[in-house]
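One letter stands for each residue in the lines below.
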Amino acid sequence: VSQANMAKIYGSFDLYVQPVNSEGFGIPLIESAKCGIRCTTTDYSAQTDVLRKVGGIPMKPLALDLELETGCYRAVVDKQLLTNVINDPASYNYKREDIRQKFDQHYSWDKTSKKWVDLINSIKPKNLWNTEPDIKTPLSYEDLTKLGLDNEKYILYCILNVAHEPKLLVS
């Protein structure tokens, strides 16, 4: 779907609804806000921050359930609350310009790229660009044979003298 058609799709909404058990960022929330559409979503995970920035309606989860496979908590969507929000006329009483203004206040490619540039520029390099790398050549088969190192001692030699990573000794 092209961006123009996606904007038309979002533009046909009165309210964008995204009941979720968790979310990494919630791009559809900011897409709907860019189109001036109010959103409602589960008030949990990354959604909590995004929905408030774009003037959305938070829906408190019924509970948080521990997922055994990942050890992460997952929100249990309150179906009755979701129904209440969808059926509440106040949910639809907003100006699209206000939602779009909230989007513009918090989200743009310029703001995002500036954060990345600032982060990258804040990283101090460990080595100067023009220094030669400290690369050691492992022992040749002939040298290994002369020293009489077995496989285990050869690996230890490589960890300490080639990789220079003693922390790998117990890995």
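Residues numbered from 1 in each chain as written. Predicted model: local features only at pLDDT ≥ 70, side-chain atom pairs only at ≥ 80, totals over all residues. Heavy atoms only, no water.

Student: Any details on the pattern of salt bridges? Residues and values, ideally.
Tutor: Scanning the entire structure with this criterion turns up six salt bridges. Note that Arg52 is salt-bridged to Asp43, the shortest N-O span being 2.8 Å. The exposure class of Arg52 is partly exposed, given its relative accessible area of 47%. Taking relative accessible area as the criterion, Asp43 reaches 22% and is therefore assigned partly exposed. Here Asp49 and Lys53 are joined by a salt bridge, their closest N and O atoms 3.2 Å apart. Linking Asp49 with Lys53, this pair stays in helix H3 (residues 47-53), spanning four residues, or about one helical turn. We classify Asp49 as partly exposed; its relative accessible area is 41%. Judged by its relative accessible area of 27%, Lys53 is partly exposed. (Salt bridge = Lys/Arg side-chain N within 4 Å of Asp/Glu carboxyl O. Buried < 20%, exposed > 50% of the residue type's maximum accessible area, 1.4 Å probe, protein only. Helix = DSSP H or I, 4+ residues; strand = E, 2+ residues; numbered from the N terminus.)

Student: Summarise the pairing of strand E2 (residues 39-42); cite the residues concerned and give the values.
Tutor: The pairing of strand E1 (residues 16-18) with E2 spans three bridges and is classified as parallel. Within E2, the residue paired with Gln18 across the bridge is Thr41. Assessed by its sense of winding, the connection that carries the chain from E1 through helix H2 (residues 27-34) to E2 is right-handed. The sheet contact formed by E2 and strand E3 (residues 57-59) spans three bridges and is parallel. If you follow Thr40 over to E3, its bridge partner there is Ile57. Taken together, E2, H3 and E3 form a β-α-β motif whose crossover is right-handed. (Pairing = 2+ DSSP bridges. Right-handed = clockwise from strand over helix to strand, strands pointing away.)

Student: Please set out the sheet that holds E1 residue by residue, giving values where relevant.
Tutor: The strands making up a sheet associate through hydrogen bonds between their backbones, and the pairing can be parallel or antiparallel. The parallel open sheet is built from three strands, whose spatial order is E1-E2-E3. The open sheet terminates on both sides in strands that have one partner only, identified here as E1 and E3. Across the sheet, the axes of successive neighbouring strands diverge by a mean angle of 15 degrees, strand direction being ignored. Seen against the sheet, H2 touches E1 and E2 and runs at an angle of roughly 175 degrees to E1. (Axes fitted to C-alpha atoms, helices over the stretch in contact; angles between N-to-C directions. Contact = heavy atoms within 4.5 Å.)

Student: Describe the side chain of Gln18, naming the residues involved and giving the relevant values.
Tutor: You can see Gln18 is positioned in strand E1. Beyond its immediate chain neighbours, meaning those up to four positions away, Gln18 contacts Glu23, Pro28, Leu29, Thr40, Thr41, Thr42 and Gln47.

Student: I'd love a proper account of a nonpolar patch on the surface, names of residues and values included.
Tutor: Where nonpolar side chains cluster on the molecular surface, the patch consists of Leu64, Leu66, Leu68 and Tyr73 and spans about 430 Å² of accessible area. Looking at the element boundaries, Tyr73 is found in strand E5 (residues 72-76). (Patch = residues over 30% accessible without salt bridge, like charges linked within 9 Å, V, L, I, M, F, W, Y side chains within 5 Å. Areas by Shrake-Rupley, 256 points an atom, 1.4 Å probe, with all protein chains shown as cover.)

Student: Give me unusual backbone geometry: which residues, what numbers.
Tutor: The phi torsion at Ser45 lies on the positive side, around 65 degrees, for a residue other than glycine. Along the chain, Ser45 turns up in the loop between E2 and H3. With a phi close to 55 degrees, His164 is a non-glycine residue in the positive phi region. Among the structural elements, His164 can be located in the segment after helix H8 (151-161).

Student: Give me the lowdown on the pairing of E5, citing residues and values where you can.
Tutor: Two faces make up the sheet, and in a regular strand the side chains alternate between them. Strand direction decides the pairing type here: strand E4 (residues 63-67) and E5, joined by five bridges, are antiparallel. Paired with Ala63 across the strands is Val76, a residue of E5. The antiparallel hairpin formed by E4 and E5 contains four residues in its connecting segment, where Gly71 sits at a positive phi of about 75 degrees.

Student: Just give me the short version of the packing of H2 against helix H5 (residues 96-106), but keep the residues and values in it.
Tutor: Interaxial distance between H2 and H5 falls to 7 Å at its minimum, and their mutual angle equals 125 degrees. It follows from the interaxial angle that H2 and H5 lie oblique. For the pair formed by H2 and H5, the contact residues are Ile30, Ala33 and Lys34 on the first element and Ile99, Arg100 and Phe103 on the second. (Parallel < 35°, antiparallel > 145°, perpendicular 65-115°, else oblique.)

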